[in-house]
Amino acid sequence: MPSRRLPNTISSVIRSLSAARDGWNQFPGNRLITPAQWAKLDPAAPNSLLTRLLKEAGDVPLALAAQAPLTDTFGRHLARLTLHVSHFHQVLDFAIERGDLTAASRAFYDRDLTATTLPPLGNIAEVMDAAGKITTGEAARAAAEGAAHIPMALPSAASVSALHLETTAARAASETAKLNTDTQQGELAALYPEAQALAVSIINTVEYHLGERPDLDAPGRRRIARAWGVVYINDDGTVEDETTPPTPPPAP
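Source: prediction; values computed, not measured.

Cut-offs used in this document
- Residues numbered from 1 in each chain as written.
- Predicted model: local features only at pLDDT ≥ 70, side-chain atom pairs only at ≥ 80, totals over all residues.
- Heavy atoms only, no water.
- Helix = DSSP H or I, 4+ residues; strand = E, 2+ residues; numbered from the N terminus.
- Buried < 20%, exposed > 50% of the residue type's maximum accessible area, 1.4 Å probe, protein only.
- Contact = heavy atoms within 4.5 Å.
- Areas by Shrake-Rupley, 256 points an atom, 1.4 Å probe, with all protein chains shown as cover.
- Expected span 1.5 Å × (residues − 1).
- Core = buried A, V, L, I, M, F, W, Y, C linked by side-chain atoms within 4.5 Å.
- Phe/Tyr/Trp six-rings, centres within 6.5 Å; stacked < 30°, edge-to-face > 60°.
- Bend = angle between axes of the 7 residues up to and from the residue.
- Polar contact = N/O pair within 3.5 Å; in protein donor to acceptor, adjacent residues only side chain to side chain.
- Salt bridge = Lys/Arg side-chain N within 4 Å of Asp/Glu carboxyl O.
- Axes fitted to C-alpha atoms, helices over the stretch in contact; angles between N-to-C directions.
- Parallel < 35°, antiparallel > 145°, perpendicular 65-115°, else oblique.
- Left-handed = near helix turned anticlockwise from the far one by under 90°.
- Nonpolar A, V, L, I, M, F, W, Y, C, P; charged D, E, K, R; others polar.

## A short note on the overall build of the protein chain
The number of helices and strands found in the protein chain is 6 helices and 2 strands. Ordered by position from N to C terminus, the α and β elements of the protein chain give β-α-α-α-α-α-α-β. Structurally, the protein chain occupies a C-alpha span of about 105 × 45 × 25 Å along its principal axes. Looking at the protein chain as a whole, 37% of its 252 residues qualify as buried. Long-range contacts, defined here as pairs at least 24 residues apart, represent 70% of the contacts in the protein chain between residues at least 6 apart. Accessible surface for the protein chain amounts to roughly 13800 Å². Of this, 61% is attributable to carbon and sulfur atoms.

This is how it looks when you write it as structure tokens:
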């Protein structure tokens with residue numbers, strides 16, 4: 001025997017409410033929901049619950065679409081910056097090993113003089129911090145060494161600094177877009193409890209009115225209820241629809 005399934009997701013709530021809205025317009029002589037319920041579905045009312053729900057549900061994918069390329073751009077910049085920072089310190093260590101620079105050079109970039117490992121670069125904060133120290137460290141080393149200063153190269157501190165600035169800008173754009181996405185998702189989530197409660201109320205109202213129809217058998221009631229957004233699940237877990245054979249009455 002098919003049983004009803006109450007909507008419990010944003011998409012199923014929207015489908016249920018939209019079907020009830022359409023049913024109100026399609027069956028003006030046999031409306032199965034109350035005027036108060038319709039007021040929350042009325043597309044002509046800019047502040048009706050369904051109007052606001054549809055708007056917020058549409059805003060979320062738009063925000064995600066705007067965020068995706070910015071997040072991708074930031075990710076590519078961060079990966080490139082990480083590589084440049086890593087190579088900068090590797091080249092620095094090679095120069096110290098060759099004797100072209102002294103171990104004291106590491107101190108300008110906030111590393112131990114005897115460091116045998118690179119600065120940690122496992123997350124965004126670590127990469128951005130290490131990149132910033134390359135900019136300030138190279139300037140401080142140049143000032144301290146004067147004419148004897150040997151600039152770092154391949155990559156240079158200037159190239160790391162430029163990429164650091166680009167990555168900072170890309171990160172800001174990505175974070176702004178992510179904040180907008182979070183805001184849109186939050187606004188949609190805030191409407192969900194009221195919308196889900198309305199969908200359940202409408203389903204109960206539809207089934208109550210149909211239950212008072214002695215001229216209808218159970219399959220007939222379900223057929224009409226489906227037009228108003230009620231979903232029924234068969235015993236095998238499939239959704240009952242117009243192609244589902246009617247359930248035979250029990251044997252006398």
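## Quick look at helix α1 (residues 10–26)
Across its 17 residues, α1 extends 24 Å between first and last C-alpha, which sits within 8% of the 24 Å expected from 1.5 Å per residue. Of the positions making up α1, those classed as buried are S12, V13, I14, S16, L17, S18, A19, A20, R21, G23 and W24.

## Digging into the nonpolar core
One finds L17, I33, L41, L53, I202 and V206 to be the most contacted residues of the largest nonpolar core, which totals 28 residues. Ranked by the residues each element gives to this core, the list is headed by helix α5 (residues 157–211), at 9 residues. Residues Y109, A130, V160 and A170 belong to the second largest nonpolar core, which totals 20 residues.

## Looking at the environment of L179
With respect to the element layout, L179 can be found in helix α5. Measuring from C-alpha to C-alpha, the distance between L179 and T73 comes to 16 Å, with 106 residues separating the pair along the chain.

## So, the packing of aromatic side chains
Given two aromatic rings, one states the distance between the centres and the angle between the planes to describe the pair. According to the stated counting rule, one finds 3 aromatic pairs in the structure shown. A ring pair is formed by W24 and W38, whose centres lie 5.0 Å apart and whose planes are at 5°; its orientation type is stacked. Here W24 is found in helix α1, whereas its partner W38 is found in helix α2 (residues 35–39), with 14 residues between them in sequence. Ring geometry for F27 versus W228: centroids 6.1 Å apart, planes at 35°, classification tilted. One end of the pair, F27, is in the loop between α1 and α2; the other, W228, is in the loop between α6 (218–227) and β2 (231–233), and 201 residues separate them in sequence.

## Focus: helix α3 (residues 49–98)
Its 50 residues give α3 an end-to-end C-alpha distance of 72 Å, which sits within 8% of 74 Å, the value for a rise of 1.5 Å per residue. Taking the largest bend as the criterion, α3 deviates by roughly 25°, centred on Q67, and proline P69 comes between one and four positions later. Immediately beyond the C-terminal end of α3, within one or two residues, lies G99, with a positive phi of roughly 95°.

## A closer look at the environment of A170
With respect to the helices, strands and loops of the structure, A170 is situated in helix α5. Under the relative-accessibility criterion, A170 is labelled buried at 11%. Taking C-alpha positions, A170 is 8.6 Å from G75, a pair spaced 95 residues apart along the chain. Non-local contacts of A170, meaning those with residues more than four positions away in its chain, are made with L70, T73, F74 and H77.

## Some thoughts on the side chain of H89
Mapped onto the elements of the fold, H89 is located in helix α3. At a separation of 3.3 Å, a polar atom in the side chain of H89 contacts the side chain of R111. Setting aside chain neighbours within four positions, we find H89 in contact with Y109, R111, L118, P119 and I134.

## Some remarks on the pattern of salt bridges
Under the defined criterion, the tally for this structure stands at 16 salt bridges. With a shortest N-O distance of 3.2 Å, D182 and K178 are connected by a salt bridge. Residue D182 and its partner K178 are located together in helix α5, separated by 4 residues, close to a single helical turn. What makes D182 partly exposed here is its relative accessible area of 37%.

## Points about the packing of α3 against helix α4 (residues 124–145)
Helix-helix packing is described using two parameters, namely the angle between the two axes and the distance between the axes. Between α3 and α4, the least distance of the axes is 10 Å, while the angle of their chain directions is 50°. With respect to their mutual orientation, α3 and α4 come out oblique. Remark: the crossing between α3 and α4 carries left-handed chirality. Side by side, α3 and α4 meet where F74, L78, L81, T82, V85, F88 and H89 of the first sit next to I124, V127, M128, A130, A131, I134 and E138 of the second. Among the residues making up the contact of α3 with α4, the classes are represented as 11 nonpolar, 2 polar and 1 charged.

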